[in-house]
Amino acid sequence: MEEILKVSNLSKGFPGVQALSNVDFTLNRGEILGLMGENGAGKSTLIKVMTGFYRRDSGDIHFDGQAVDFTSPNDAVRHGISTVYQEVNLLPQLTVAENIFIGRQPMKKRGGIDWRELNSRAENAVAKLDLDIDVTRPLNTYSVAVQQMVSIARALDISAKVLILDEPTSSLDAAEVEQLFTVMRRLKSEGISIVFITHFLDQVFAITDRITVLRSGKNAGEFTTEGLSRMDLISSMLGKEFEDLDASRWGSSLGTGEGDPLVSMNSVGKKGFIFPFDLTIRPGEVLGLAGLLGSGRTEIAQLLYGVEKPDEGVLQLNGQETALSSPRGAIDEGMGFCPEDRKEVGIIPELSVRENIILALQAKRGALRYIHRKEQEAIADKFIRALNIVTPSSDQLVKNLSGGNQQKVILARWLAAEPRLLILDEPTRGIDIGSKVEIQKLILELAKEGLALLFISSELDEVVRCSSRVAVLRDRQVIGELDGTDISESQIMKTIAETA
Amino acid sequence: MNSFKKLPKLSVNNIPILTTISIFFLMYAAASIMFPGFFSLYNFVNIFKTNAFVGIIAVGMTFVIISGGIDLSVGSVVAFTSIFIAKMHQSYGMPSWISMLICLGIGLVLGLSIGCLITYFELPEFLVTLVAMFLMRGLAYVVHQGTISIQDDPFIAFMKRTGIRVGAGNLSLYVWVFILILILGILVSKYTRFGRNVYAVGGNESSAVLMGLPVKRTKVLIYVMSSLLATLGGIVFTIHLASGKPHNTIGLELHVIASVVIGGTLLTGGAGRVIGTFFGVLIYGLVFKLPAYISAFREWWAQILVGLLVLTFILIQTFVAEKTARAVES
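Calculation rules
- Residues numbered from 1 in each chain as written.
- Chains lettered and ligands numbered in written order.
- Predicted model: local features only at pLDDT ≥ 70, side-chain atom pairs only at ≥ 80, totals over all residues.
- Heavy atoms only, no water.
- Helix = DSSP H or I, 4+ residues; strand = E, 2+ residues; numbered from the N terminus.
- Rg over C-alpha atoms; globule rule 2.2 N^0.38 Å.
- Buried < 20%, exposed > 50% of the residue type's maximum accessible area, 1.4 Å probe, protein only.
- Contact = heavy atoms within 4.5 Å.
- Areas by Shrake-Rupley, 256 points an atom, 1.4 Å probe, with all protein chains shown as cover.
- Lys, Arg positive; Asp, Glu negative; His and termini not counted.
- Charge placed at Lys NZ, Arg CZ, Asp CG, Glu CD.
- Core = buried A, V, L, I, M, F, W, Y, C linked by side-chain atoms within 4.5 Å.
- Pairing = 2+ DSSP bridges.
- Buried area = accessible area lost by both parts, 1.4 Å probe.
- Salt bridge = Lys/Arg side-chain N within 4 Å of Asp/Glu carboxyl O.
- Polar contact = N/O pair within 3.5 Å; in protein donor to acceptor, adjacent residues only side chain to side chain.
- Phe/Tyr/Trp six-rings, centres within 6.5 Å; stacked < 30°, edge-to-face > 60°.
- Lys NZ or Arg CZ within 6 Å of the ring centre and 35° of its normal.
- Disulfide = S-S within 2.5 Å.
- Axes fitted to C-alpha atoms, helices over the stretch in contact; angles between N-to-C directions.
- Domains from an automatic or database assignment.
- Parallel < 35°, antiparallel > 145°, perpendicular 65-115°, else oblique.
- Left-handed = near helix turned anticlockwise from the far one by under 90°.
- Nonpolar A, V, L, I, M, F, W, Y, C, P; charged D, E, K, R; others polar.

## Quick word on the overall build of chain B
Then comes step 1: Looking only at helices and strands, chain B features 13 helices and 4 strands.
Then comes step 2: A globule of 330 residues ought to have a C-alpha radius of gyration of about 20 Å, and chain B, at 21 Å, matches this closely.
Then comes step 3: With the principal axes as the frame, chain B shows a C-alpha extent of 70 × 55 × 35 Å.
Then comes step 4: Across the 330 residues of chain B, 53% fall into the buried class.
Then comes step 5: When contacts within chain B are restricted to residue pairs at least 6 apart in sequence, long-range pairs at least 24 apart make up 77% of them.
Then comes step 6: With the model as given, the accessible surface of chain B reaches about 14,600 Å², and the carbon-plus-sulfur share is 70%.
Then comes step 7: A distance of 10 Å separates the average location of the 21 positive side-chain charges in chain B from that of its 10 negative side-chain charges.

## Concerning the nonpolar core
Then comes step 1: Residues V96, I100, L163 and M184 of chain A are the most contacted members of the largest nonpolar core, which totals 139 residues.
Then comes step 2: Top contributing element to this core by residue count: helix α2 (residues 41-66) of chain B, with 15 residues.
Then comes step 3: The residues contacting L163 of chain A, other than those within four sequence positions of it, are S82, V84, I152, A155, L187, I192, S193, I194 and V195 of chain A.
Then comes step 4: In this structure, V263, A360, L361 and L453 of chain A belong to the second largest nonpolar core, which totals 66 residues.

## Re the pairing of strand β8 (residues 193-197) of chain A
When a strand is regular, its side chains alternate between the sheet's two faces.
All names here are of chain A.
Then comes step 1: In terms of burial, β8 is largely enclosed, as 5 of its 5 residues are buried.
Then comes step 2: Residues S193, V195 and I197 line one face of β8 and the alternating positions I194 and F196 line the opposite face, and both faces are buried.
Then comes step 3: Across 4 bridges, strand β3 (residues 32-36) lies against β8 in parallel orientation. The partner of G34 across the bridge, within β8, is F196.
Then comes step 4: Relative to β8, strand β7 (residues 162-166) runs parallel, the two sharing 5 bridges. Bridge pairing links L163 to I194 in β8.

## A look at the interface of chain A and chain B
It is common to give the size of an interface as the accessible area that goes away when the parts come together.
Then comes step 1: In this assembly, 39 residues from chain A lie in contact with 30 residues from chain B.
Then comes step 2: Buried area between chain A and chain B, summed over both chains or domains, comes out near 3,000 Å², and the portion from carbon and sulfur atoms is 58%.
Then comes step 3: At the surface where chain A touches chain B, the tally comes to 1 salt bridge.
Then comes step 4: Residue R196 of chain B pairs with E98 of chain A through a salt bridge whose shortest N-O separation is 2.3 Å.
Then comes step 5: At the junction of chain A and chain B, the tally comes to 7 residue pairs in polar contact (both at pLDDT 80 or more).
Then comes step 6: Every element with two or more residues in the side of chain A that touches chain B is listed here: α2 (73-79), α3 (96-101), α5 (144-157) and α6 (174-189) of chain A.
Then comes step 7: Counting residues per element, the side of chain A that touches chain B draws most heavily on α5 of chain A, which supplies 6 residues.

## Quick look at the pattern of salt bridges
It is possible for side chains bearing opposite charge to pair when their charged atoms get close.
All names here are of chain A.
Then comes step 1: Taken as a whole and assessed by the stated rule, the structure comprises 27 salt bridges over all chains.
Then comes step 2: Of the charged contacts, one joins D69 and R56 as a salt bridge, the two residues approaching to 4.0 Å between their closest N and O atoms. Here R56 lies in the loop between α1 (43-50) and β4 (58-63) and D69 lies in the loop between β5 (66-67) and α2, a separation of 13 residues in the sequence.
Then comes step 3: Looking at D69, the relative accessible area reads 43%, which means it is partly exposed.

## What about the packing of aromatic side chains?
Then comes step 1: Evaluation of the coordinates by the stated rule reveals 20 aromatic pairs over all chains.
Then comes step 2: On the basis of an interplanar angle of 50° and a centroid distance of 6.3 Å, the ring pair of F25 of chain B and F279 of chain B is categorised as tilted. In this pair, F25 of chain B sits in helix α1 (residues 15-34) while F279 of chain B sits in helix α12 (residues 274-287), placing the two residues 254 residues apart along the sequence.
Then comes step 3: Accessibility expressed as a relative area gives 13% for F279 of chain B, which makes it buried.
Then comes step 4: Here the aromatic rings of Y28 of chain B and F44 of chain B are separated by 5.7 Å at their centres, their planes lie at 65°, and the arrangement is edge-to-face. Of this pair, Y28 of chain B sits in helix α1 while F44 of chain B sits in helix α2; the two residues are 16 residues apart in sequence, bridging distant segments of the chain.
Then comes step 5: Here Y28 of chain B falls in the buried class, since its relative accessible area comes to 11%.
Then comes step 6: Cluster of aromatic residues (ring-pair linked, three or more members): F24, F25, Y28, F44, F48, F178, F278 and F279 of chain B.
Then comes step 7: One cation-aromatic arrangement involves K190 of chain B over W115 of chain A; the distance from NZ or CZ to the ring centre is 4.5 Å.

## Brief notes about the state of the cysteines
Here, the word disulfide means a covalent bond between the sulfur atoms of two cysteines.
Residue and element names in this part refer to chain A.
Then comes step 1: Overall, the coordinates contain 0 disulfides over all chains when judged by the stated rule.
Then comes step 2: Free cysteine C466: the closest other cysteine sulfur is in C338, separated by 14 Å.
Then comes step 3: With a relative accessible area of 0%, C466 lands in the buried category.

## A few points about the sheet that holds strand β9 (residues 210-215) of chain A
Residues and elements named next belong to chain A.
Then comes step 1: Pairing is mixed in the open sheet, where 6 strands are placed in the order β6-β7-β8-β3-β9-β10. Single-partner strands in this sheet number two, and they are β6 (81-84) and β10 (218-224). Within this sheet the neighbouring strands show an average axis-to-axis angle of 20°, counted without direction.
Then comes step 2: On the sheet, α1 packs against β3, β6, β7, β8 and β9 and is oriented at approximately 130° with respect to β3.
Then comes step 3: Sitting on the sheet, α5 is in contact with β6 and β7, with an inclination near 170° to β6.

## Quick look at the domain arrangement of chain A
Residue and element names in this part refer to chain A.
Then comes step 1: Assigned domains of chain A: these are domain 1 (3-242) and domain 2 (251-497).
Then comes step 2: Taking only C-alpha atoms, the centre of domain 1 and the centre of domain 2 are 36 Å apart.
Then comes step 3: Listed by partner, the interface residues are 18 residues for domain 1 and 16 residues for domain 2.
Then comes step 4: Here domain 1 meets domain 2 over a buried area of about 1,600 Å², counting both sides, of which 63% is carbon and sulfur.

## A short note on the packing of α2 of chain B against α12 of chain B
Residue and element names in this part refer to chain B.
Then comes step 1: One way to put it is that α2 packs onto α12 with a least axis distance of 8 Å and a crossing angle of 140°. In this view, α2 runs oblique relative to α12, as classed from their interaxial angle. Crossing hand, α2 versus α12: right-handed. Residues F44, I47, F48, N51, V54, G55, A58, V59, T62 and F63 of α2 form the contact with α12, whose participating residues are V274, T277, F278, V281, L282, G285 and L286.
Then comes step 2: Considering only residue class, the contact of α2 with α12 consists of 12 nonpolar, 5 polar and no charged.

## Focus on the sheet that holds β4 of chain A
Residue and element names in this part refer to chain A.
Then comes step 1: With antiparallel pairing, 4 strands are arranged side by side in an open sheet as β2-β1-β4-β5. Each end of this open sheet is capped by a strand with a single partner; those strands are β2 (17-28) and β5.
Then comes step 2: Pairing of strand β1 (residues 3-14) with β2, which is carried by 8 bridges, proceeds in the antiparallel orientation. Residue pairing for β2: F14 is matched across the bridge by V17.

## A short note on the environment of H199 of chain A
All names here are of chain A.
Then comes step 1: Its place among the elements puts H199 in the loop between β8 and α7 (201-207).
Then comes step 2: For H199, a relative accessible area of 14% corresponds to the buried category.
Then comes step 3: Linking H199 and P349, residues 150 residues apart in sequence, is a C-alpha distance of 32 Å.
Then comes step 4: Discounting chain neighbours no more than four positions away, the residues touching H199 are M36, K43, E167, L293, G294 and D475.

## Remarks on the side chain of T129 of chain B
Residues and elements named next belong to chain B.
Then comes step 1: By the element assignment, T129 lies in helix α5 (residues 125-143).
Then comes step 2: From its side chain, T129 meets the backbone oxygen of F126 in a polar contact 3.3 Å long.
Then comes step 3: Setting aside residues up to four positions removed in sequence, T129 forms contacts with I70, D71, L72, S73, I114 and Y223.

## Points about the side chain of T119 of chain B
Residues and elements named next belong to chain B.
Then comes step 1: Relative to the helices and strands, T119 is located in helix α4 (residues 96-120).
Then comes step 2: With a relative accessible area of 5%, T119 lands in the buried category.
Then comes step 3: With residues up to four places along the chain from it excluded, the contact list for T119 reads K216, K219 and V220.

Structure representation (structure tokens):
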């Protein structure tokens, strides 16, 4: 096999993070290579360094036998490496044809763009992809799937030798994915090399020849897809072997809650978002959601909390059928949601600890019923003590706290509103190990006090440790539920690896 | 891809422009029926004449708005140009065509400065052009504080006198400048890479960068063009009135923006047509002509009507945006 793109010893750091260290990467001519890894593995950094979006710190890149140093994505495109992003980077209001040719329009001899020529060339370009669309219509009249195809058509027309597809399938339905695969196979047979980045295990096994796995910015494995077991791939992505899985299960002390379910979701689903699923959560239990990145964990939380509306299924709260159309409604029903990215959507850095804690309670009571300063201080102090938040005073600005303590402030905010159900999406991400354990213990205590919790984490050990039951997800589908002694990291991994 | 059914050819993206043209013809028809004597070439020519300078500036503004920007300086540029030409003529006896060329030079420098500040210093369009607006207005007063009328300037007299008789009216040469600019604007927007890049920048600037388009150069050129056309508009305005004063055309930029929006150009950028702006300007001129026919319909009612028209178009655009978003989902 002839190598078309070869990266050796590549390193790239950002202030505070070493995104890539000594990464090797090889792409052969006419192959489809899967690039996989969990969050923070360095996939996008690698792509961006290879295509000139970032400059590398060290290492070599050889393209088509020559050492290269692309200065911009455009430079890489001119040499024949094109990237199609998950978010379509085209111009929605212009026509399909113009999107393919803008910047390179055919001109008439007397000057002026030759639209007839442009449109007929565009027709050829899309026909090559078996796409039967009217190229003179604006791009935004077509689905995302078609827009992605147009994006590929543009890349190919600029004469791509290497096509990088960055999570192209995340918003496509099954038929559209199949269509994309057909095109990918065709391009491969024409000698074009494709790097395919995806979270979907089924897809990576269906289409790739080889798979390269990154983990924490380092090479974690290189496999030939044929003959590779899912278990080996998952172990390599998560960095865990069967043997070193130790099961310390605190959650087993919880049992599976008491009485009637607080939440029961029946065939709830949303097209292109998550497949229909059933879930119940009882007071006093922690339901863990386990799955790889992009498997649909956060999507479940969003449906439950009213961020997204399901288009099928029934949601019952306390036995009552309920339709939540907004987080506001969910709060009124006694839910709290600590979102995944606390910096983006959680804390308000310029406000004090007290003000941050009081926020949800104030929202619940309504803006007109002001909570008296004295009461605010009492509530804040109570939670600072109860959750062991390390801060000089309740008037300290939240931005000055450590990550772990910020996370506790968010927890305190929702606890102050006295919820019946608390949704925790990655509550321990990016905080030090000591705070992690504290938060995990807190989760269990809350459950013992009768709160129902939905716990999402990409760290399997933590899901295993804290959950009384675990729902396992893969490729936007709930594929199994574990409880009691069945809950272990190896069992979760096995469930994920089982072929559908 | 048979699953992606072809929509009817009348795309929702065409709704704004079709609305503009329909409104134009409806208003003309209504006015012609209601007021005998309204429907005359003379009237039409007059609307053309009084609004020629607005039209020239609006062509530049159309490019600016399609690119997702705004230019608030155009009204002050007109005022500066008119008083500068008048003052040079009065105090130094400078032939107007020379002072006009100087003004175009000033316009070029102004546009370049605005464009570079926006593009290379990444300052907001609104603020940069606001600064330019105050600057040029201030400079207009520096030149002269009162009204100066221009008499016996051969070039201006020639431009006013020469023309093509259309019915009872006379389409002076300077009106043809507007028509020429209009045609050039249409051609540039449709048949040059620069023109298409303007749409790309306004449609999605970061996409345009990723697609390798010369985004920075395009943005600078857009403001150079707008300032030059504003200066040219100022020249036409000066010829039309044969006078200059520094407090002319206060708020003109907002009238121009309103005409462009009524012409169906998307304020968020990425969509619009120069020909739409042409109709927008004519609708605008018509509305302000109405007070002459209905005594109860005073100028302030014209203002309110323009406001309502702009509102209509903003609503249509929101509707179009939602419609296309939904079309993509299904």
